[in-house]
Amino acid sequence: MPTTSLSVLWDLTTTDMPFYDQMIKNPDYFRKAKGLESEIIYMTPNTYMMKCAKIQNSTLEAQYREVGRAFVDTYRDRMLAGVKFPIPVLDYAGGLQEGRNRAIAAERAGATTIPVLVVSRVGQVLPDAHPLILKQYPLGQVPEKMPINMDIPIPPLRGTVAPKTKVIVPENAALRTNQELDRAVEHLGYQSVSLSEEEVAGLEKPIPTDVELINESQRRLRRLKVIPDGQLNTRQLAHLNLARVLAQTICYRNPVSGVYAASIPPASDRVRTVGTYGTKNKAGYIALDALDTGRITIDTLIHELGHHRQYQKTGEAEDLEIEHAEAMTSIAGETVAIVATGKLDKLLVDVAW
Ligand SMILES: [Zn+2]
């Protein structure tokens, strides 16, 4: 087996998914605005597969059954030819993984460990039932020998050979019908690709179009349900009340119509939604799990009030636009200033950070 140094195989700046790539580029923003933490952790491919099984509540065997021999062979050959691959992902916050074929291909190329972008909610305790590795090594300092679990044999790969015409697209691909929708598609955790009709016919499984994804996300958001205060526990209510007073104080000139606890469906299969801002009724909605800790409640509130201010200024409420980022920065500052006055001290007593 050829010896392949890890750095040769991977492009550590990308996962091939815009949502996570932004996270690699701008971890502070995601920590503050989305309550998501991420780091690149090295593990053996087999450990990665076990963690995929854990995340998807399935078995290691089932994970290996999802690995396609044709993908693995192709990827391995490309890796050995010097093509750098986007790194795999384990997202404990969103409950998803991406990159099993790549992981096994790297192993077949001779790598003993692989870099994985591990994503979690701030403060989330990661499930780790396997007494194996989830040890972090600074980039470039991977120990020579990483333990490999020898007890679990690697089942043979699925023996399907791909026809020549098979078209391989990223697992999060959406069919581009309109370039102007690319940004919205990215926001949903997908990536627009342009394909000819012939190429579409060669796809292993159908992919959604950009328009379908966006329509679906709007359909999903319409299922948002406000949760009445009476159904909240003391802690959630304390956090919501804090958010309301802050919103009132910060937006006294252009008030929001309200701040509500809500059950918010994920905008797509690949993202989860902790808060949303309604442009029509100018209300902020905070998901129940964001009301569990004061910090995430405030982070979410700042994000949504940022949209409120952005919307007044530009008539748009898109994420990651410059006006949104500026509004969030200034609102975060205003929040600190308000807390410093001591006006909120009574409310803060019941807040769990
Ligand atoms: Zn947003």
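Residues numbered from 1 in each chain as written. Predicted model: local features only at pLDDT ≥ 70, side-chain atom pairs only at ≥ 80, totals over all residues.

1. Some points on the nonpolar core
If you look at soluble globular proteins, the nonpolar side chains tend to sit buried side by side.
Next up, step 1: By size, the foremost hydrophobic cluster in this structure holds 64 residues, and its most contacted members are V116 and I286.
Next up, step 2: Per-element accounting of this core gives the leading share, 7 residues, to helix α11 (residues 234–250).
Next up, step 3: Here this core spans two domains, and each of domain 1 (6–162) and domain 3 (223–348) adds at least three residues to it.
Next up, step 4: Leaving out residues up to four positions away in the same chain, V116 has contacts with I40, I41, M43, Y48, I87, P88, V89 and L90.
Next up, step 5: Counting residues in each nonpolar core, the second largest holds 8 residues, with V185, Y190, I214 and A267 among its members. (Core = buried A, V, L, I, M, F, W, Y, C linked by C-beta atoms within 7 Å. Buried ≥ 20, exposed ≤ 12 C-beta atoms within 10 Å, placed from the backbone. Helix = DSSP H or I, 4+ residues; strand = E, 2+ residues; numbered from the N terminus. Domains from an automatic or database assignment. Contact = placed C-beta atoms within 7 Å.)

2. With respect to the pairing of strand β12 (residues 283–287)
Next up, step 1: Burial analysis of β12 places 4 of its 5 residues in the buried class, which makes it a mostly covered element.
Next up, step 2: Where strand β10 (residues 258–263) meets β12, 5 bridges bridge the pair, whose relative direction is parallel. Note that in β12 the partner of Y260 across the bridge is Y285.
Next up, step 3: Of the strand pairs in this sheet, strand β11 (residues 275–278) and β12 are connected by 4 bridges, and their pairing is antiparallel. In the sheet register, T276 faces β12, and the bridge partner there is Y285. (Pairing = 2+ DSSP bridges.)

3. As for the sheet that holds strand β2 (residues 36–43)
Next up, step 1: Strands sit in the order β2-β6-β4-β5 across an open sheet of 4 strands; the sheet is mixed. Across the chains shown, the open sheet's two edge strands, defined by having one partner strand only, are β2 and β5 (96–98). Strand-to-strand twist of the sheet, defined as the mean angle between neighbouring strand axes without regard to direction, takes the value 15°.
Next up, step 2: Pairing of strand β4 (residues 89–91) with β5 involves 3 bridges; the strand directions are antiparallel. Note on β5: the bridge partner recorded for V89 is E98.
Next up, step 3: Contacts between helix α2 (residues 18–25) and the sheet are confined to β2, β4 and β6 (114–121), with β6 contributing the most and set at about 90° to the helix. (Axes fitted to C-alpha atoms, helices over the stretch in contact; angles between N-to-C directions.)

4. A short note on helix α12 (residues 294–314)
Next up, step 1: Taking 1.5 Å as the rise per residue, α12 with 21 residues should run 30 Å; its terminal C-alpha atoms sit 30 Å apart, in good agreement.
Next up, step 2: The element α12 is largely enclosed, with a buried count of 16 among its 21 residues.
Next up, step 3: Residue G315 follows α12 closely and has a positive phi angle near 75°. (Expected span 1.5 Å × (residues − 1).)

5. Examining the confidence of the model for the protein chain
Do not read the fine detail of predicted coordinates wherever pLDDT is low.
Next up, step 1: Taken residue by residue, the protein chain gives an average pLDDT of 83. The fraction at 70 or more is 87%.
Next up, step 2: Taken together, the stretch residues 158–164 has pLDDT below 50 and engages in 10 contacts with residues farther than four places along the chain or on a different chain. (pLDDT = per-residue confidence, 0-100.)

6. With respect to the packing of helix α4 (residues 45–55) against helix α7 (residues 100–108)
Next up, step 1: One can describe the packing of α4 onto α7 by two numbers: an axis separation of 9 Å at closest approach and a directional angle of 160°. Of the possible angle classes, the one that applies to α4 and α7 is roughly antiparallel. Where α4 crosses over α7, the two elements pack in a sense that is left-handed. Where α4 abuts α7, its residues P45, Y48, M49 and C52 lie against R100, A103, I104, A106 and E107.
Next up, step 2: Residues of the contact of α4 with α7, tallied by class, amount to 7 nonpolar, no polar and 2 charged. (Parallel < 35°, antiparallel > 145°, perpendicular 65-115°, else oblique. Left-handed = near helix turned anticlockwise from the far one by under 90°. Nonpolar A, V, L, I, M, F, W, Y, C, P; charged D, E, K, R; others polar.)

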